[in-house]
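Here is what each chain is made of, one letter per residue.
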Amino acid sequence: MSTTGQLSYSVPGMSCGHCRAAITAEVEKIEGVSGVDVDLEEKRVTVAGEQLDDAALRGAIDQAGYDVA
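Here the structure is a predicted model, which means the values were calculated and not measured.

Quick notes on the rules
- Residues numbered from 1 in each chain as written.
- Predicted model: local features only at pLDDT ≥ 70, side-chain atom pairs only at ≥ 80, totals over all residues.
- Heavy atoms only, no water.
- Helix = DSSP H or I, 4+ residues; strand = E, 2+ residues; numbered from the N terminus.
- Rg over C-alpha atoms; globule rule 2.2 N^0.38 Å.
- Salt bridge = Lys/Arg side-chain N within 4 Å of Asp/Glu carboxyl O.
- Buried < 20%, exposed > 50% of the residue type's maximum accessible area, 1.4 Å probe, protein only.
- Contact = heavy atoms within 4.5 Å.
- Polar contact = N/O pair within 3.5 Å; in protein donor to acceptor, adjacent residues only side chain to side chain.
- Pairing = 2+ DSSP bridges.

### Examining the overall build of the chain
Then step 1. Within the chain, the secondary structure is distributed over two helices and three strands.
Then step 2. Walking the chain from its N terminus toward its C terminus, one meets helices and strands in the order β-α-β-β-α.
Then step 3. Relative to its length of 69 residues, the chain is compact, with a C-alpha radius of gyration of 11 Å against a globular reference of 11 Å.
Then step 4. With the principal axes as the frame, the chain shows a C-alpha extent of 30 × 20 × 20 Å.

The structure is reproduced here in structure tokens:
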């Protein structure tokens, strides 16, 4: 499924700057991504872009070592 705009994910395992950097680096590799916001306090990753692929984004977060709730 692809969408335009924003997708947001709950990622409860995030707690530090390394978490933010690892997730941002992986998610930015996905085609169509124009921005990544990692909110450590809310444990949310919000991705902005065009024709976002939900499965690919979930896979990128997983590749960074974190589970999407």
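### Looking at the pattern of salt bridges
Then step 1. Going through the model one piece at a time under the given rule, you end up with two salt bridges.
Then step 2. Residues lysine 29 and glutamate 26 are paired through a salt bridge, measuring 3.3 Å at the closest nitrogen-oxygen approach.
Then step 3. Under the relative-accessibility criterion, lysine 29 is labelled exposed at 60%.
Then step 4. Linking aspartate 54 and arginine 58 is a salt bridge whose minimum nitrogen-to-oxygen distance equals 3.1 Å. Of the two residues, aspartate 54 and arginine 58 are both situated in helix α2 (residues 54–63); the distance of four residues between them amounts to about one turn of the helix.

### Structural notes on helix α1 (residues 17–27)
Then step 1. Regarding α1, the residues found buried are Cys19, Ala22, Ile23, Thr24, Glu26 and Val27.
Then step 2. Of the surrounding elements, those touching the buried residues of α1 are β2 (33–39), β3 (44–53) and α2.

### Structural notes on the side chain of threonine 46
Then step 1. Looking at the element boundaries, threonine 46 is found in strand β3.
Then step 2. Polar contacts involving the side chain of threonine 46 include one to the side chain of serine 8, which spans 3.3 Å.
Then step 3. Those residues within four positions of threonine 46 in sequence are excluded, and the remaining contacts are Gln6, Leu7, Ser8, Gly35, Val36 and Asp37.

### A closer look at the pairing of β3
Then step 1. Relative to β3, β2 is paired through six bridges, and the arrangement is antiparallel. Counterpart to valine 36 in the pairing with β3 is valine 47.

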